[in-house]
Amino acid sequence: MNIVKKEGFDFAFNPKGCETCEGNCCIGESGNIWISKEEMKNLSEYLNISLDELRVKYLEKRGYKYSIKEIKLAEDNYACFFFDLKKKQCSIYDVRPIQCRTFPFWEYFKTRKDEVKEECPAIVEL
Ligand code: SF4
């Protein structure tokens, strides 16, 4: 797989790094895992459940948006509900939200290379 670069970022992403990682981008401090209305619809179809069931079981309302629920693993350590802890991978990979698809190229990390490097072994210095 090719190394991924994005304009405006002073690091690149080597997907090979994911092979040695146990899911650091889906586990860690509690955070928002935003999911849009359209993504909610796709996910409910993927799981074969209604939108209401999806909202109640797997999502949390935060302000006017929805975020995927987390499971507390330890103090200050949470996993996304859809992270398969045994297989160490996303269980809804094909329909994961855009936030997950665009990691690590988030605005937030544009000026915080050290932070993303600490979390993600796939980061390559440019
Ligand atoms: S939806 Fe999948 S990729 Fe996104 S945080 Fe959850 S487990 Fe990780």
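Higher on the page you've got the structure.
Residues numbered from 1 in each chain as written. Predicted model: local features only at pLDDT ≥ 70, side-chain atom pairs only at ≥ 80, totals over all residues. Heavy atoms only, no water.

**Q** Can you tell me about the packing of helix 1 (residues 37-47) against helix 2 (residues 51-58), naming the residues and giving the values?
**A** Closest axis-to-axis distance for the helix 1/helix 2 pair is 9 Å, and the angle between their directions is 95°. Here helix 1 is positioned roughly perpendicular relative to helix 2, judged by the angle of their axes. On the side of helix 1, the interface is formed by Met-40, Lys-41, Leu-43, Ser-44 and Leu-47, while helix 2 contributes Leu-51, Leu-54, Arg-55 and Tyr-58. Its residues placed into classes, the contact of helix 1 with helix 2 shows 6 nonpolar, 1 polar and 2 charged. (Axes fitted to C-alpha atoms, helices over the stretch in contact; angles between N-to-C directions. Helix = DSSP H or I, 4+ residues; strand = E, 2+ residues; numbered from the N terminus. Parallel < 35°, antiparallel > 145°, perpendicular 65-115°, else oblique. Contact = heavy atoms within 4.5 Å. Nonpolar A, V, L, I, M, F, W, Y, C, P; charged D, E, K, R; others polar.)

**Q** Any chance you could break down the pattern of salt bridges for me, citing the residues and the numbers?
**A** All told, the structure shown has 11 salt bridges when counted by the stated rule. For the salt bridge of Lys-113 with Asp-10, the shortest nitrogen-to-oxygen distance reads 3.9 Å. Of this pair, Lys-113 sits in helix 5 (residues 113-119) while Asp-10 sits in the segment before strand 1 (11-13), and the two are 103 residues apart along the sequence. Relative accessible area serves as the criterion here: at 18%, Lys-113 is assigned to the buried category. For Asp-10, a relative accessible area of 36% gives the class partly exposed. Lys-117 is paired through a salt bridge with Glu-125; the nearest N and O atoms lie 2.5 Å apart. (Salt bridge = Lys/Arg side-chain N within 4 Å of Asp/Glu carboxyl O. Buried < 20%, exposed > 50% of the residue type's maximum accessible area, 1.4 Å probe, protein only.)

**Q** Help me get a handle on unusual backbone geometry, residues and values and all.
**A** Going from Phe-103 to Pro-104, the amide bond is cis rather than trans, its omega being 5°. Along the chain, Pro-104 falls in the loop between helix 3 (98-102) and helix 4 (107-110). Positive phi, close to 60°, is recorded for Asn-48, a residue that is not glycine. If you trace the backbone, Asn-48 turns up in the loop between helix 1 and helix 2. Accessibility expressed as a relative area gives 70% for Asn-48, which makes it exposed. The phi dihedral of Asp-76 falls on the positive side, at around 65°, and the residue is not glycine. Topologically, Asp-76 is positioned in the loop between strand 6 (70-74) and strand 7 (77-80). You can call Asp-76 exposed: its relative accessible area is 56%.

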